[in-house]
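# Survey of secondary and tertiary structure
The chain contents come next:
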Amino acid sequence: MAKYDLVIIGSGPGGYNTAIRAAQWGLKTLVVEKDGYLGGTCLHVGCIPTKVLLHTAEIYDTLKVGKEFGIEVKDFTLNWPAALARKEMVVNRHAKGIEFLFRKNKVEKMQGWGRWAGPGRVSVEKDGQVTEVEATHIMFGTGSAARSLPGVDIDGKIILSNIEILQLPEVPKTLVIVGAGAVGVEFASIFNSFGTKVTVLEMLPRVTPIEDEEISAELEKALKKKGIQIFTEAKVETVKKDAQGATVSFTDKAGKAQTVSGERVLMAVGRKPLTENLGLEKSKAKLERGFVHTGPYMETAEPRLYAIGDIVAGMPQLAHAASMEGITCVAKITGKQMMPPIEKTRIPNATYCEPQVASIGLTERAAREAGYTVKTGKFPFLGNSKATILGHHEGFVKVVSDEATAEILGVHIIGPFATEIIAESAAALQLEATVDDLMSTVHAHPTVWEAMSDAVAAVRGLSINA
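Anyway, here's the lowdown on the structure attached to this text. Quick caveat: nothing in here was measured; it's all calculated off a predicted structure.

Before going further, it helps to examine the overall build of the chain. Along its length, the chain carries 12 helices and 24 strands. Relative to its length of 466 residues, the chain is compact, with a C-alpha radius of gyration of 23 Å against a globular reference of 23 Å. Principal-axis analysis of the C-alpha atoms gives the chain an extent of 65 × 60 × 45 Å. Restricting the contact set of the chain to residue pairs at least 6 apart, pairs at least 24 apart contribute 62%. Looking at the chain, you have 52 positive and 54 negative side-chain charges, and the mean spots of the two groups are 4 Å apart.

Structure below.
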C-alpha cells in the first residue's frame, strides 16, 4: 500500500494550491480527483470561463462606444463560437499549467472517487476497482454544485446551471436569471452586453445581498440603466417549460402574481456542498446540512482529517478562500511557517459584473451591529481622472472605520477595476491599518486606485477631489 504524508481529495483551487505548497514544504503529497482533469469547478465551469466571457463582453461594449474615443468602428459582430473557443483555450492552458506544476513539485495524482476509509486510509474507486492508500493527513476539498429550488429540475437544456450556460450553442434572445448574487449578476452582465433581454428575480430585498446596502443600491441602478429588468423580494413559485423555452411564475414584492418567459432560465440560487458518499459520516467529523465543521486551522473532530473550501461551514464559497485555508492548514501541519488562522472578515469578495463590485471586512450595518461607533468616508469615481479617461465614472469607494481608533473595518467598492483596487484594502485589514495609515500612503496618479486615498480622507472630511 502506497504511503503519503498528505492525501487531498479534490483538485480545485483549494486542492491544487495546497498540494503544491505541501510539496514545497517537504510533504509527500497525493491529489485524488474524480474527473480526468485538474482544476475543479473554478477553472473549468466557474471563475475562469465566466471571466473570459465577461472580458469578451467588455471589449464588445467598448466597440459600441468606440466613436467616443475617436475610433470609428462601422461593422462588428459577436462570433459566439469563437468566443466559446477562446474560453476553452484559456481553460485548457491553465489545466495543463497545473499538470506541469504537479510534475515540477513532485505532487502525485490519482483519478477516481476518493473516500475516507478510516484513520490514515483513503480508498479510491475507479471503474469498479478500489485502490487504498495510507496517509498521515487527509484533506477534503470536494467543492460544491449549483442548487435549485424545490420542484425545479435543472435539465441542462432550458433550465440551466453555471455549467450549461457556458456551453450554449447560441446567445439566447431572452434569459431569466433566478438569483442576484455574484453568479446571477455576472451572467446578467454578459448576456445583456450581447443583446439578450435579461430579467433577474431575487428573493431577498436587494441584489448582491451580502454586500453593503449602498453598493447593492448603486449596482441595481446601474444594471437597470443597462436595460436589465430586476425584481427584488420575488418569490419564485414554478418554472414550467414550454415550446418557447420556459415561463417563471413568481410573487412580486407587492404580493402580486406575475410571470416572465425566457428561452433559457439560469438557476443561480446558491451552491450545495459536495460531501455525500465520501465516508465522512463514518468519521468523527461533524456535518451540518452537508457542511463540515472545522477548527481555526481547518481541522475536523476526526484527528488528522481536514476540510477546506466550499464544504466548510460558516466560510465563504470562494476559490481564494479555499486556497488560503489549505495553505494555512499545511503551515500548521508542517510547522514550516507561522500563519494566523483565516479570519472571515479578511477574505475579499470580488464580483465581475459591469460595474465591478469588490469588498472586504464589515459592512456599515454589520459594524454598527457589532457595537462599533462607525465613521464612514465615500469618494465617487466621478472625481477620479483615470475613471474619466476610461469612460467609466459610475460608482464609488466606501470606507467603514472605527471612530475611536480609526481602524479600517471594511472597504466597499463599485466601479472600474474594483476587483483589483480591493488589493490595498485586503493588505490594510490584514495589517490592522488605520485611516491615517492609508492617508499617508502615496497613491500613484493617474490611477483608479488613488480613489482609495480620497475615500479614506473622506472619513476625516478631508477628501480633496470631491
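From this point on, the discussion continues.
Two faces make up the sheet, and in a regular strand the side chains alternate between them. Burial of strand 1 (residues 3-9) is extensive: 5 of the 7 residues sit out of reach of the surface. Summarising the sheet, strand 1 and strand 6 (residues 129-140) pair through 6 bridges and their orientation is parallel. Bridge assignment links Tyr4 to a residue of strand 6, and that residue is Ala135. Relative to strand 2 (residues 29-33), strand 1 is paired through 4 bridges, and the arrangement is parallel. Residue pairing across strands places Leu6 opposite Thr29, the latter belonging to strand 2. Remark: the strand 1/helix 1 (residues 13-24)/strand 2 crossover connection has right-handed handedness.

Formed by 50 residues in total, the largest nonpolar core has its most connected members in Val7, Phe102, Ile138, Met139 and Phe140. Contributions of two or more residues to this core are made by strand 1, helix 1, strand 2, helix 4 (80-105), strand 5 (121-126), strand 6, strand 19 (305-307) and helix 7 (319-334). Setting aside chain neighbours within four positions, we find Ile138 in contact with Leu6, Val7, Ile9, Trp116, Gly118, Gly120, Arg121, Val122, Arg304, Leu305 and Tyr306. By size, the runner-up hydrophobic cluster in this structure holds 35 residues, among which are Trp80, Ala83, Leu166 and Val207.

Between its first and last C-alpha, helix 5 (residues 182-193) extends 17 Å over 12 residues, near the 16 Å set by a 1.5 Å rise per residue. Counting buried positions along helix 5 yields 10 of 12 residues, so the element is predominantly enclosed. Three or more residues of helix 5 are buried, namely Gly184, Val185, Glu186, Phe187, Ala188, Ser189, Ile190, Phe191, Asn192 and Ser193. Once helix 5 finishes, Gly195 follows within two positions and takes phi at roughly 100 degrees, a positive value.

Quick look at the sheet that holds strand 20 (residues 349-351) now. Taken in spatial order, the 5 strands make up an open sheet running 20-21-24-23-22, and their pairing is antiparallel. Strand pairing shows two members of the sheet lacking a second neighbour, strand 20 and strand 22 (374-380), which therefore form its edges. Within this sheet the neighbouring strands show an average axis-to-axis angle of 10 degrees, counted without direction. With 6 bridges joining them, strand 21 (residues 356-361) and strand 24 (residues 408-415) adopt antiparallel strand pairing. Of the residues in strand 24, the one forming a bridge with Ile360 is Val411. The sheet strands contacting helix 12 (residues 451-459) are strand 22, strand 23 (396-402) and strand 24, and the helix crosses strand 22 at an angle near 140 degrees.

So, how was this worked out
- Residues numbered from 1 in each chain as written.
- Predicted model: local features only at pLDDT ≥ 70, side-chain atom pairs only at ≥ 80, totals over all residues.
- Heavy atoms only, no water.
- Helix = DSSP H or I, 4+ residues; strand = E, 2+ residues; numbered from the N terminus.
- Rg over C-alpha atoms; globule rule 2.2 N^0.38 Å.
- Contact = heavy atoms within 4.5 Å.
- Lys, Arg positive; Asp, Glu negative; His and termini not counted.
- Charge placed at Lys NZ, Arg CZ, Asp CG, Glu CD.
- Buried < 20%, exposed > 50% of the residue type's maximum accessible area, 1.4 Å probe, protein only.
- Pairing = 2+ DSSP bridges.
- Right-handed = clockwise from strand over helix to strand, strands pointing away.
- Core = buried A, V, L, I, M, F, W, Y, C linked by side-chain atoms within 4.5 Å.
- Expected span 1.5 Å × (residues − 1).
- Axes fitted to C-alpha atoms, helices over the stretch in contact; angles between N-to-C directions.

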